[in-house]
2 protein chains.
Amino acid sequence: MREVYIVGIGQTPVGEHWDRPLRDLGAEATNAALKDAKTEKPQALFVGNMVSSDLCGQENLGTVISDFAGFSGIEAMKIESACASGGAAVRAAYLAVASGAHDLVVALGVEKLTDLPIERTTAALAGAADADYEAAHGVTFTALNALMMGLYIEKYGVRKDDFAAFIINAHQNATSNPNAMFRRPVTAEDYAKSPMVAEPICILDSSPVSDGAAALVLCSADRARSLSDKPIRILGSALATDTIGLATRKETLRCEAIRRSTQQAYKQAGLGPKDIDLMELHDAFSIVSALSLEASGFVQDGQALAFAQEGNITVKGSLPCSTRGGLKARGHPVGASGVYQVVEAVEQLRGQAGETQVKNCKVAMAQSVGGLASVAVTHILGN
Amino acid sequence: MREVYIVGIGQTPVGEHWDRPLRDLGAEATNAALKDAKTEKPQALFVGNMVSSDLCGQENLGTVISDFAGFSGIEAMKIESACASGGAAVRAAYLAVASGAHDLVVALGVEKLTDLPIERTTAALAGAADADYEAAHGVTFTALNALMMGLYIEKYGVRKDDFAAFIINAHQNATSNPNAMFRRPVTAEDYAKSPMVAEPICILDSSPVSDGAAALVLCSADRARSLSDKPIRILGSALATDTIGLATRKETLRCEAIRRSTQQAYKQAGLGPKDIDLMELHDAFSIVSALSLEASGFVQDGQALAFAQEGNITVKGSLPCSTRGGLKARGHPVGASGVYQVVEAVEQLRGQAGETQVKNCKVAMAQSVGGLASVAVTHILGN
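Residues numbered from 1 in each chain as written. Chains lettered and ligands numbered in written order. Predicted model: local features only at pLDDT ≥ 70, side-chain atom pairs only at ≥ 80, totals over all residues. Heavy atoms only, no water.

Caption draft 1: A look at empty space enclosed by the protein. Counting across every chain of the model gives six cavities of 30 Å³ or more. Within this model, the largest cavity holds a volume of roughly 60 Å³. Taken together, Phe-46, Ile-79, Ala-92, Leu-95 and Ala-96 of chain A together with Phe-46, Met-77, Ile-79, Ala-92 and Leu-95 of chain B make up the lining of the largest cavity. Those elements giving two or more residues to the lining of the largest cavity turn out to be α4 (85–98) of chain A together with β3 (75–80) and α4 (85–99) of chain B. Ranked by residues supplied to the lining of the largest cavity, first place goes to α4 of chain A with three residues. (1 Å grid on protein atoms, 1.4 Å probe; cavity = no way out; pocket = protein on both sides within 12 Å on 5 of 7 lines; lining within 4 Å. Points joined across faces, edges and corners; volume = space filled by probe spheres on them. Helix = DSSP H or I, 4+ residues; strand = E, 2+ residues; numbered from the N terminus.)

So this is what it looks like as structure tokens:
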């Protein structure tokens, strides 16, 4: 396989963009990434998106966005892997360049979730779980995550309040990110008082329903040298799955998809957990943050909360996480989040992360998780 | 890029599968293709599907089907390019093997369209057109195709009845295909009497709303030699787009996406129109058949109807088309159709096409078209 580099990044602010259609957000992020890479027209566009068919009445997003962004005619397709659609789009774009089929492509993630009543959005997002055997019984995606969080609390004898460190860190990091949806800090007291959504998940355990778009320009080694002073190399790229339903897992809290994709990415990169300077994790719910750190090999099973409480996940800690706010505070436009994570990791590796810049950041991991951790995409990035 | 071969094919009958969920159809076709290739577990699964989010409440199809087919854990993602989703899934699977990331993968197309009232399906399929500037005004996908057919009749001074040759050929070829939805012949008289849907498109101009799944096993050259006595090589693979909306095209009937993808595939294969022994074209509406033959370089613009009427498209003609019934009579489970086309081309190249076997079939083209020909995927296959 050929080496693949990232030479351009672009993003829209995350928020409630009621006044802007999907194509507008997608084109803005795409053209910002191309401008950042000092180039104009990619050879292909891979669009990560989950629910545009259901909530926007629009499919054929590859065609729509390549047209609206000003380069109709190129290869373009949509990639969907539930909440990991953004990560999967980066993976598909990576394969297109690694294969030699294209030298310069865009990976875009775009999602609009806020235009319709919340019940519609909730129902659409339940399609990330097992529609026939889980969602059909009325269980929401939040309720399924609540089952995992309740089991974690019981199995490891921790308290719900122990999860606060993840939320406090994410909100603190978002305060200086101009593209974040929630740019205000929260305290342990705020977390303790946060209204319950699906016990034990409260509002502050949950990432927000959001709109947004983020994009990357990926290219071959030859093009990277001519386009950028500091191209970022994709050292490892892997996507793996698990069973779709929670009930069919041997061990509910093991998250085999995350384990597999991380191990494959480590192997490709020739690296291990100790080499990672930064982890952009999929903190859609705080339970997923804990399980991700464990399944990715950073801590032993059951140790993630203590690891976070000891300050390891802050910008100055041993493994900074969610450094631009994460899904929790930057926001979670579902099919876009996996691309935001890579954009933010590139900001860090370039030294462009402002107040939350991680010192000596050489190697970063970005991990996009879908369904009840039934699919995970892990990218390891470096210089 | 590495060479890529097809060593397994599988398909379900096309029809109204009210009693079977999406995952069941997808797993049946996938496992049939793996059995045909005498292998059990692929390294990755690329699922072509358009509207499962809207009509089945299920996304995350890569995870769902890899789990249900019995190989949970592998890489799996959904690929969407409207009605060309099946072709795009073949393209994504091709890139995964060509890159060297995987040696053996499955490309699956699966769609269920018949479970809900037809108005719901019609609305979902309109998402292949421009949702904001076309579908929002109430125009259906059939009505948009009718505009193209009306313009064709006017521009070239042909009669609606001249289109009958495409429909008669497709239905005749389907009579011996056990997987076809409509296995009955139709006559020019039937076509003349067929009730109007959106003038000038009548029922017999239109492919049926269908359910079904088709799958291919793709692999590297090394694996191909050990798995199959007659591996079929992908000689050319290309996906291209056009503007999403019909109103923004310079020439409505030129179908630039088809032109571009065909030219790119010819170039990669080192072949031209005269080298093609078989054309599985996207006959979703008979106007698309005509435009596809013209844009693919088989005939001059405006000459496709005469070409068909002269018998060239029949099994014994100079360019056999829709040899297993095409979208028109085999049926059109939207995101699956592009994979059915390649499966059928492989049947022909292997000499397994039964009563409609094309003699001396060495090189085949399969072409999947989406939206108002706003996206097209062309594959050229040979030995």
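Caption draft 2: Here's a closer look at the pairing of strand β11 (residues 375–382) of chain A. Residues and elements named next belong to chain A. For β11, the tally of buried residues reaches eight of eight residues, placing the bulk of the element in the interior. Pairing between strand β8 (residues 232–241) and β11: eight bridges, direction antiparallel. Considered in β11, the bridge of Arg-233 is made with Gly-382. In this sheet, β11 lies alongside strand β10 (residues 363–370) in antiparallel orientation, the contact comprising eight bridges. Considered in β11, the bridge of Ala-366 is made with His-379. Counting the residues that bridge the hairpin from β10 to β11 gives four residues, and of these Gly-371 lies at a positive phi of roughly 60°. (Buried < 20%, exposed > 50% of the residue type's maximum accessible area, 1.4 Å probe, protein only. Pairing = 2+ DSSP bridges.)

Caption draft 3: Geometry of the pattern of salt bridges. Across all of its chains, the model carries 42 salt bridges over all chains by this definition. Note that Asp-115 of chain A is salt-bridged to Lys-112 of chain A, the shortest N-O span being 3.3 Å. Among the residues examined, Asp-115 of chain A registers a relative accessible area of 44% and is labelled partly exposed. Residue class for Lys-112 of chain A comes out buried when judged on its relative accessible area of 4%. Of the charged contacts, one joins Asp-130 of chain A and Arg-23 of chain B as a salt bridge, the two residues approaching to 2.6 Å between their closest N and O atoms. One end of the pair, Asp-130 of chain A, is in the loop between α5 (118–125) and α6 (141–156); the other, Arg-23 of chain B, is in helix α1 (residues 22–36), on a second chain. Residue class for Arg-23 of chain B comes out buried when judged on its relative accessible area of 5%. Connected through shared salt-bridge partners, Arg-20, Asp-24 and Glu-28 of chain A make up one network. (Salt bridge = Lys/Arg side-chain N within 4 Å of Asp/Glu carboxyl O.)

Caption draft 4: Representation of the environment of Gly-26 of chain A in the model. As for its position among the elements, Gly-26 of chain A is in helix α1 (residues 22–36). C-alpha separation for the pair Gly-26 of chain A and Pro-208 of chain A, spaced 182 residues apart in sequence, amounts to 20 Å.

Caption draft 5: View of helix α6 (residues 141–156) of chain B. Residues and elements named next belong to chain B. Taking 1.5 Å per residue, 16 residues should reach 22 Å; α6 reaches 23 Å between its end C-alpha atoms and fits that length. Within α6 the residues assigned to the buried category are Phe-141, Leu-144, Asn-145, Ala-146, Met-148, Met-149, Tyr-152 and Ile-153. Tucked into the core, α6 has its buried residues touching α5 (118–125), α8 (188–193), β5 (196–198), β6 (201–202), α11 (286–295) and α12 (304–309). Gly-157 lies just past α6 and shows a positive phi near 60°. (Expected span 1.5 Å × (residues − 1). Contact = heavy atoms within 4.5 Å.)

Caption draft 6: Representation of the interface of chain B and chain A. Taken together, the contacts link 57 residues of chain B with 57 residues of chain A. Between chain B and chain A, a total of about 4100 Å² is buried, with carbon and sulfur atoms accounting for 48% of that surface. At the boundary of chain B and chain A, one finds six salt bridges. Arg-23 of chain A serves as the salt-bridge partner of Asp-132 of chain B, at 3.3 Å between the closest nitrogen and oxygen. Contributing elements (two or more residues each) for the side of chain B that touches chain A: α2 (52–56), α3 (61–68), β3, α4 and β8 (232–241) of chain B. For the side of chain B that touches chain A, the element with the highest residue contribution is α4 of chain B, accounting for seven residues. (Buried area = accessible area lost by both parts, 1.4 Å probe.)

Caption draft 7: Spatial organisation of unusual backbone geometry. All names here are of chain A. Backbone torsion omega between Glu-199 and Pro-200 reads 5°, so that peptide bond is classified as cis. Looking at the secondary structure, you find Pro-200 in the loop between β5 (196–198) and β6 (201–202). Unusually for a residue other than glycine, Lys-38 sits at a positive phi of about 55°. Positionally, Lys-38 belongs in the loop between α1 and β2 (44–48). In the Ramachandran plot, Cys-255 falls in the positive-phi region, its phi being about 50° despite a non-glycine side chain. The exposure class assigned to Cys-255 is buried, which follows from its relative accessible area of 3%.

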